[in-house]
Amino acid sequence: MAHLDLDNVSAAYGALRVLDGISLTVNRGETVGLIGPSGSGKSTVLRVLTGLLKPQSGVVRVAGDTINFDRPAEIRKLRDRTAIVFQQYNLFQNLTVLDNVMIAPTKVHRRKPAEVRPEAVRLLEKVGLADKLDSYPDQLSGGQQQRVAIARALCLKPEILLLDEVTAALDPELVSEVLDTIRQLADEGMTMLIVSHEMGFIREISARVAFMAEGKVVELGAPADIFDKPEKERTRDFVGKILRH
Amino acid sequence: MDYTLQYGQIWPYVPYIVSGAWLSLQIAFLAFCGGLLIGTVCAAIKTFGGRLTRWLVNAYVVFFMNTPQLVQIFFLYFALPDIGILLSSYMAVLVGMTLNAGAYLTEIQRAGFESRRQSEMEAAEVLGFTRLQQIRYVILPHVAKVLFPPLSNHYILMTLGTSMAAIFGVEELTGRAFNVNAETFRSLEVFSVVAVVYVAATLFASVVLAFFGRVAFRTKMRIV
């Protein structure tokens, strides 16, 4: 069943049209990889799905419910169900690691700190940061910050996790730790849409891979099909260039 | 140049003068706190408000930044009674300085609001923060940190600005100096003592502020 459904969605930054009638479906519990050249609109898809960018046209459905982007209440509902991890982590610099994870559940969802704290600590243990609870983001490496961001996203118990180039800034040793975390989430049945340039990772983790160019999905299929025998010229071009490196 | 300094004559008045400094510090502190509150709200409105509210805030800021503070207080003290609003001299000075500070602190804080980190704002928005929560948990800690020096500076200026209250007969530091001067005519002695007390008062404020800044921003902020 479609958990996340974009139907002919277009979106623009000012006059710059970034999404040009894209359609994409992610089933419940499925992990879909989103690949494509820079500027193809991959991150923009995630911005639409978190309500940061209002589409100009098209339909976005979450678990069958059509989202009306003109209604703040519906955007709030969308945000309750989805969580995003940004490429640049976007942690709150003035808060400790633990507070970064706890602030949304306690201040936005008004849960008791005493109740949230064990969950936050458990999540931070899960991402290997149990000893950094009281550190500030600027005292951590990029990889550590990224794992805090993942813990922060998970602490809201989202149904759908959106990952935007989460391994782009990590050193190789930490990539595997983050990938383990994500793999575990996939096994637990989290619905995920993953934007990444890490082709090996995308290939391994995704049930399906969508190749995007010029604001559209050019080709969609099983990883083996997309990477080994792409049908479209444009996909072949991209995959060929990427895999040569 | 055959003036003979005679501090002996004003010596008995020194405790009276110095204790006036407390009133100066009090006016400066209250007006600054009030101004900070007004400035924070107005800076938020200037950054996020609608067209009408932004216009109202701009009108307020432009009016208070482009008229002399003395005239503003004159207006409150002498003009408002004509329309039935009577303020004591103390209240006129306090309200006038607060409104004036509000205008300046709006402009100072607007710069801080504009330097907010967009990445953190987006993270907050996606996590479901309301606009007020974004201001409270993302912008204000950032503003407090980067604007601490200019805000401290304005506070010191306001401490000195309280001397204007003397004109309205408020018995703060300068006001008491006026009184002693009128009784003893030892102007040089009286106002040199006053100068020393102002220096001491502002140095005291600077040290407290610097200490506060170190404690508050070295260890940063906790929420829970």
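First, a word on scope: everything that follows refers to the structure included in this document. (Residues numbered from 1 in each chain as written. Chains lettered and ligands numbered in written order. Predicted model: local features only at pLDDT ≥ 70, side-chain atom pairs only at ≥ 80, totals over all residues.)

## Some words on the overall build of chain B
From N to C terminus, chain B includes 10 helices and 0 strands. Ordered by position from N to C terminus, the α and β elements of chain B give α-α-α-α-α-α-α-α-α-α. If one aligns the C-alpha atoms of chain B with their principal axes, the spans along those axes are about 75 × 45 × 35 Å. Considering chain B as a whole, with its 224 residues, one finds that 35% of them fall into the buried category. Of all intrachain contacts in chain B linking residues separated by at least 6 positions in sequence, the fraction that spans at least 24 positions is 76%. (Helix = DSSP H or I, 4+ residues; strand = E, 2+ residues; numbered from the N terminus. Buried ≥ 20, exposed ≤ 12 C-beta atoms within 10 Å, placed from the backbone. Contact = placed C-beta atoms within 7 Å.)

## Some details on the interface of chain A and chain B
Between chain A and chain B, the contact holds 23 residues from the first and 19 residues from the second. Secondary structure elements with two or more residues in the side of chain A that touches chain B: helix 2 (72-81) and helix 3 (97-108) of chain A. Sort the elements by how many residues they give to the side of chain A that touches chain B and helix 3 of chain A lands first, with 7 residues.

## Quick word on the sheet that holds strand 10 (residues 216-221) of chain A
All names here are of chain A. The strand order across the open sheet built from 6 strands is 6-7-8-3-9-10, with neighbouring strands paired in mixed fashion. This sheet does not close on itself; its edge strands, each paired only once, are strand 6 (82-85) and strand 10. The sheet shows a mean angle of 20° between the axes of neighbouring strands, direction not considered. Here strand 3 (residues 31-35) runs beside strand 8 (residues 191-195); their pairing, made up of 4 bridges, is parallel. Looking across to strand 8, one finds that Gly33 is bridged to Ile194. (Pairing = 2+ DSSP bridges. Axes fitted to C-alpha atoms, helices over the stretch in contact; angles between N-to-C directions.)

## A word on the pairing of strand 7 (residues 160-164) of chain A
All names here are of chain A. Within strand 7, 5 of the 5 residues are buried, which leaves the element mostly enclosed by the surrounding structure. Where strand 6 meets strand 7, 4 bridges bridge the pair, whose relative direction is parallel. Each bridged residue has a counterpart across the sheet, and for Val85 the counterpart in strand 7 is Leu163. Bridge analysis of strand 7 against strand 8 gives 5 bridges, and the strand direction is parallel. Bridged to Ile160 within strand 8 is Thr191. A crossover connection joins strand 7 to the parallel strand 8 through helix 6 (residues 172-187); in handedness this β-α-β unit is right-handed. (Right-handed = clockwise from strand over helix to strand, strands pointing away.)

## Focus on unusual backbone geometry
All names here are of chain A. A positive phi angle, near 55°, is found at Glu165, a position not held by glycine. Relative to the elements of secondary structure, Glu165 occurs in the loop between strand 7 and helix 6. Not every positive phi belongs to a glycine, and Glu214 is a case in point at roughly 45°. Relative to the assigned elements, Glu214 resides in the loop between strand 9 (208-213) and strand 10. Given 16 C-beta atoms within a 10 Å radius, Glu214 is considered partly exposed.

## Comments concerning the sheet that holds strand 1 (residues 2-13) of chain A
Residues and elements named next belong to chain A. An order of 2-1-4-5 is seen for the 4 strands of this open sheet, with the pairing classed as antiparallel. In this open sheet, the two edge strands, each paired with only one partner strand, are strand 2 (16-27) and strand 5 (65-66). Taken together, the 8 bridges between strand 1 and strand 2 define a ladder with antiparallel strand orientation. Bridge pairing links Ala12 to Arg17 in strand 2.

## Quick word on the nonpolar core
By size, the foremost hydrophobic cluster in this structure holds 111 residues, and its most contacted members are Leu34, Val101, Ala151, Leu162, Leu163 and Leu193 of chain A together with Val93 of chain B. Here the element with the most residues in this core is helix 5 (residues 89-114) of chain B; it accounts for 10 residues. Apart from residues lying up to four places away in sequence, Leu163 of chain A is in contact with Val85, Ile182, Met192, Ile194 and Val195 of chain A. Judged by nonpolar contacts, the second largest core, of 11 residues, contains Ile17, Ala21, Val193 and Val194 of chain B. (Core = buried A, V, L, I, M, F, W, Y, C linked by C-beta atoms within 7 Å.)

## A word on the packing of helix 5 of chain B against helix 8 (residues 148-161) of chain B
Residue and element names in this part refer to chain B. In contact at an axis separation of 11 Å, helix 5 and helix 8 are set at 160° when each is read in the N-to-C sense. It follows from the interaxial angle that helix 5 and helix 8 lie roughly antiparallel. Two packed elements cross with a definite hand, and for helix 5 against helix 8 that hand is right-handed. Touching Met97, Ala101, Tyr104, Leu105 and Ile108 of helix 5 are Pro150, Leu151, His154, Met158 and Gly161, all from helix 8. When grouped by side-chain class, the residues that make up the contact of helix 5 with helix 8 number 8 nonpolar, 2 polar and no charged. (Parallel < 35°, antiparallel > 145°, perpendicular 65-115°, else oblique. Left-handed = near helix turned anticlockwise from the far one by under 90°. Nonpolar A, V, L, I, M, F, W, Y, C, P; charged D, E, K, R; others polar.)

## Looking at the environment of Thr184 of chain B
Residues and elements named next belong to chain B. Within the element layout of this structure, Thr184 appears in helix 9 (residues 173-184). The sequence separation of Thr184 and Ile10 amounts to 174 residues, and the corresponding C-alpha distance is 7.2 Å. Residues in contact with Thr184, not counting those within four places in the same chain, are Gln9, Ile10 and Val190.

## Some points on the packing of helix 6 (residues 118-126) of chain B against helix 7 (residues 131-146) of chain B
All names here are of chain B. Axis separation between helix 6 and helix 7 bottoms out at 10 Å; the angle between their running directions is 145°. As for the relative orientation of helix 6 and helix 7, their crossing is right-handed in sense. Only Gln134, Tyr137 and Val138 of helix 7 make contact with helix 6, whose side of the interface consists of Glu120, Met121, Ala124 and Glu125. For the contact of helix 6 with helix 7, the per-class residue count stands at 4 nonpolar, 1 polar and 2 charged.

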